[in-house]
Amino acid sequence: MAELMYWEAIRRAHDEEMAHDPLVIAMGEDIGIAGGTYKATQGLFEKYGSERIIDTPISENGYTGLGIGASFLGVRPIIEIMSVNFAWLATDQIVNTAAKVRYMSGGQLEAPVVIRSPGGTAHQLGAQHSARMEKVFMGIAGLRVVTPSSPKQAYGLLKSAVRCNDPVFINEHELMYNLKGDVPDEEFFLPLEGSTVAREGTDITLFGYNISTHWCLQAATELSREHGIEAEVIDLYALNPLDAEGIARSLRKTHRALIVEEAEAPVGVGSEVMAIINENCFFELDAAPRRVSAANVPIPYNHSLEKAAIPNVKDVVSAVLATFGLSN
Amino acid sequence: MTVTPNHRANNDDTVDQSQLSDEVKLRLLQEMLYARRFEERCYEAYVERKIGGFLHLYSGEEACAHGVLEAARPGEDYVITGYRDHIHAIKCGTDPRAVMAELFAKETGCSKGRGGSMHLFDAEHHFMGGYALVGGPFPLAVGMAKAIKLRRSDEIAICFLGDAANNQGTFHESMNMAKVWNLPILFVCENNLYGIGTRIERSTAVTDQYKRAAAYDIPAQQTDGQDLDKVYAAARVAVDHVRSGNGPYFLELMTYRYRGHSMSDSNAYRDAEEEKVWQGRDPIDLWKERLINQGLITAETFKSMDHEIIESIEDDVIAFAESSPEPAVSELEKYVLAENDPYVTGGK
């Protein structure tokens, strides 16, 4: 078992999959000679050459479409979009082609592409480099969406995404590439559906994904220490499809729910999880579910405003206490 | 021939020397006539409400797909296009019955009734689809060329789109990438002078589309899209260039569609005089007259060929589409995702 950083885990998955299958390629802006903005392909240009590690022009819709077209003929591209904000430009090819081609061809064509991209607020990057897009992609039939919260998940989900015959969007986070964690040395694959229990608890379920799983875990520690509340933390690493069964299973145990998301609330992970709760286990609830989300604003540049726009561990703790009719 | 700057039809019918054998010439006459009758029958079926949704017909443009694909390897080369796709699919080898059944939304359709007129697919014959976002297929086509190059095989990718698609960003992004990576792709621009209902000079700064390829240093040629000999001769050069590993090529074919953009189109934006001029250069009439002059066919044999085609479309194609079953509603959610993909459950 080695301790790897999140980016090292992604790089290892790239390297193994490219060694495994000559039709696996990686493409994106600055991923080759420059080694990748987040080092996810560091050293691979030297190892696999310019035909398989492709520095693309700054043409997000164009190169994403190129990867999708290549995938029709059996190529398995791992497409890096430098910031998820740029993926808006590629939504036409992702949504109109990759997600629909199997269906509209009656099962003849498929688009086994992986699109990786970091979303979320880092350090004063401004409105056009700080937003998230998972709420858009998780509502698209035919497109899988996963979002790793640890180096182990980053490795295992990418490995499965490359080999899966569906298009998979992997939502990463700019602040998580240097996160450290244990990754088993032997090759492994993680399921692209489901959820994991990141912390067992009995009193309330905190639903997180990607960076917000970490906020939930920190809040759970504090809640246990300061308030005697044992929170269960469910890591929703798969956003499309969401794990309705896993959500309901935890609710049957804790009877309370709080969803924590970095994105703004409307039409998001929180609203979708609440809908699942309502549809599957409404009568298990002892209190109304809540969500902690970003302010409904474009992310500001000013540091204080930026901080105020994004939820934090304190917000999670307060929301949990409110669920119990308590306050801190 | 030169195409006049205002894109009026050119009446110069002189052909230096046809590169096609007599046998192929006759087959192409039959194929183009079949295409015309097929599209006309689609029109009727649409009026009869047998075909739903949108319907974009190819009548008037037959020499483009037939000339280009005759110079290529239909069924082997990877072909992709927009929503005016019936005839490209058939020329690639798709069974016309499966095309009509698709338009009739039947399970036996070439996309199992899930696609419709704009989304015909036939993976077996390397017809990689009709797509309905204008300009959407450009990057997909370049990606197919990338895959061909990675696999070191000798097919090429052929992307047929209309002139209006060249005003999308994908055109420029794709031309650029095709050239940077020297990919085996032929861009065929079927310039029918209209983007939906807007004439080219009202929407497009440079009306000669082949000139736009110069921005990416891609060799290009413009030719008369109504004359099959000329289309074939130009396509021969283009296909050979691409297949020999010289990178992309851009071929502009000057053509005209007789019907509106789609069936919901009043066609009121076109000048009757202009339509008359172009109908005077009908690709099938031109070809028929040429073959009659060359003694390959008589007016009478043409007539019986036509009769046979109409009959076979009715008895074979329409009958098949009519009698085929619709998809089962119980299979509504089939084909959204891969079935039983082991990696969805972590490789187990």
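Every value quoted in this text rests on a predicted model; they were computed, and no experiment measured them.

Draft legend 1. Focus on the overall build of chain B. On a plain count of helices and strands, chain B comes out with 11 helices and eight strands. Taken over the C-alpha trace, chain B has a radius of gyration of 20 Å; the compact-globule value for 348 residues is 20 Å, and the two agree within 12%. Dimensions of chain B, computed from C-alpha atoms along their principal axes, come out at roughly 65 × 50 × 40 Å. Expressed as a percentage of its 348 residues, the buried residues of chain B come to 59%. In chain B, the share of contacts with a sequence separation of at least 24, taken over all contacts with a separation of at least 6, comes to 75%. Of the roughly 13,700 Å² that chain B leaves accessible, carbon and sulfur atoms contribute 49%. Looking at chain B, you have 37 positive and 55 negative side-chain charges, and the mean spots of the two groups are 4 Å apart.

Draft legend 2. Up close: the side chain of Asn191(B). Inspection of the secondary structure puts Asn191(B) in strand β4 (residues 185–191). With a relative accessible area of 0%, Asn191(B) lands in the buried category.

Draft legend 3. Structural detail: the pairing of β4(B). Residues and elements named next belong to chain B. Taken across its seven residues, β4 has seven buried, putting it largely inside the fold. Neither face of β4 is left uncovered, since the one carrying Ile185, Phe187, Cys189 and Asn191 and the one carrying Leu186, Val188 and Glu190 both have all their residues buried. Pairing analysis gives six bridges linking strand β3 (residues 157–162) to β4, with the strands arranged parallel. What sits directly across from Ile158, in β4, is Leu186.

Draft legend 4. Seen up close, the packing of aromatic side chains. Residues and elements named next belong to chain B. Counting across every chain of the model gives 14 aromatic pairs over all chains. Relative to Phe171, the ring of Phe138 lies with its centre 5.5 Å away and its plane at 65°, an arrangement referred to as edge-to-face. With Phe138 in helix α5 (residues 137–151) and Phe171 in helix α6 (residues 169–180), this pair connects stretches of sequence that are 33 residues apart. Taken individually, Phe138 and Phe171 each receive the classification buried, so the pair is uniform in this respect. In this arrangement the basic side chain of Arg97 is found over the ring face of Phe320, its NZ or CZ atom lying 4.8 Å from the centre. Sitting over the face of the ring of Tyr194, Arg270 holds its NZ or CZ atom 5.5 Å from the ring centroid.

Draft legend 5. Geometry of the pairing of strand β7 (residues 168–173) of chain A. Residues and elements named next belong to chain A. Burial analysis of β7 places six of its six residues in the buried class, the great majority of the element. Neither face of β7 is open: one carries Val168, Ile170 and Glu172, the other Phe169, Asn171 and His173, and all of them are buried. Alignment of strand β5 (residues 114–119) against β7, held across six bridges, turns out to be parallel. Bridging from a neighbouring strand, Arg116 pairs with Ile170 of β7. Note: strand β6 (residues 144–146) against β7, three bridges, orientation parallel.

Draft legend 6. Geometry of the interface of chain A and chain B. Taken together, the contacts link 47 residues of chain A with 43 residues of chain B. Across the chain A to chain B interface the summed buried area is about 3,800 Å²; carbon plus sulfur atoms make up 67%. Summed over the three residues of chain A that lose the most area to chain B, namely Leu73(A), Tyr103(A) and Met104(A), the buried surface amounts to 21% of that side. There are one salt bridge connecting chain A and chain B.

Draft legend 7. Molecular detail of the sheet that holds β4(B). All names here are of chain B. Strand order in the open sheet formed by six strands is β2-β1-β3-β4-β8-β7, and the pairing between neighbours is parallel. Where the open sheet ends on each side, the last strands, each with one partner, are β2 (127–130) and β7 (220–224). Here the strands of the sheet are splayed against their neighbours by 15° on average, with no regard to which way each runs. Contacts from helix α2 (residues 62–71) reach β1 (78–81), β3, β4 and β8 (249–254) within the one sheet, and its direction differs from that of β3 by about 165°.

Draft legend 8. Fine view of the side chain of Lys135(A). Residue and element names in this part refer to chain A. Turning to its location among the elements, Lys135 is positioned in helix α7 (residues 134–137). At 3.1 Å, the side chain of Lys135 and the backbone oxygen of Glu264 are in polar contact. Once residues lying within four places of it in the same chain are set aside, the contact partners of Lys135 are Ala263, Glu264, Ala265, Pro266, Val267 and Gly268.

Calculation criteria
Think of each chain on its own: its residues are numbered from 1, step by step along the sequence as written. Ligands are numbered from 1 and chains lettered from A, in the order in which they are written. Note on the predicted model: pLDDT of at least 70 is required for a residue's local features to be given, and 80 or more for side-chain atom pairs to be given and counted; whole-chain, interface and lining totals, by contrast, use all residues. Side-chain measures here rest on the full set of heavy atoms in the structure, leaving out hydrogens and waters. In this description a helix means any DSSP run of H or I spanning at least four residues, a strand means any run of E spanning at least two, and both kinds are numbered starting from the N terminus. Between the two quantities, the radius of gyration covers C-alpha atoms and the globule rule is 2.2 Å times the number of residues to the power 0.38. Burial status follows relative accessibility: with a 1.4 Å probe on protein chains alone, a residue under 20% of its type maximum counts as buried, one over 50% as exposed, and anything between as partly exposed. Only heavy atoms matter for contacts: two residues are in contact if any of them lie within 4.5 Å across the pair. Only the protein chains shown count as covering a residue, and every accessible area follows the Shrake-Rupley method with a 1.4 Å probe. Residues counted as positive are Lys and Arg, residues counted as negative are Asp and Glu, and His and the chain ends are not counted. The atom standing in for a charge is NZ when the residue is Lys, CZ when it is Arg, CG when it is Asp and CD when it is Glu. Two strands pair if DSSP finds at least two bridges between them. Aromatic pairing here means that ring centres of Phe, Tyr or Trp (its six-membered ring) are within 6.5 Å. Orientation follows from the plane angle: under 30 degrees is stacked, over 60 is edge-to-face, and everything else is tilted. Lysine and arginine charges are scored as sitting over a ring when NZ or CZ, respectively, is within 6 Å of the ring centre and within 35 degrees of the ring normal. A 1.4 Å probe defines the accessible area here, and the buried area is the portion of it lost by two parts on being joined, summed over both. For salt bridges, the criterion is a side-chain nitrogen of Lys or Arg within 4 Å of an Asp or Glu carboxyl oxygen. Only the contacting stretch of a helix is used when fitting its axis, a line to C-alpha atoms as for every element, and angles between N-to-C directions run 0 to 180 degrees. Two N or O atoms form a polar contact when they lie within 3.5 Å of each other; inside protein one atom must be a possible hydrogen donor and the other a possible acceptor, and for residues adjacent in sequence the pair counts only when both atoms belong to side chains.

Any functional reading would require information beyond the geometric quantities listed.
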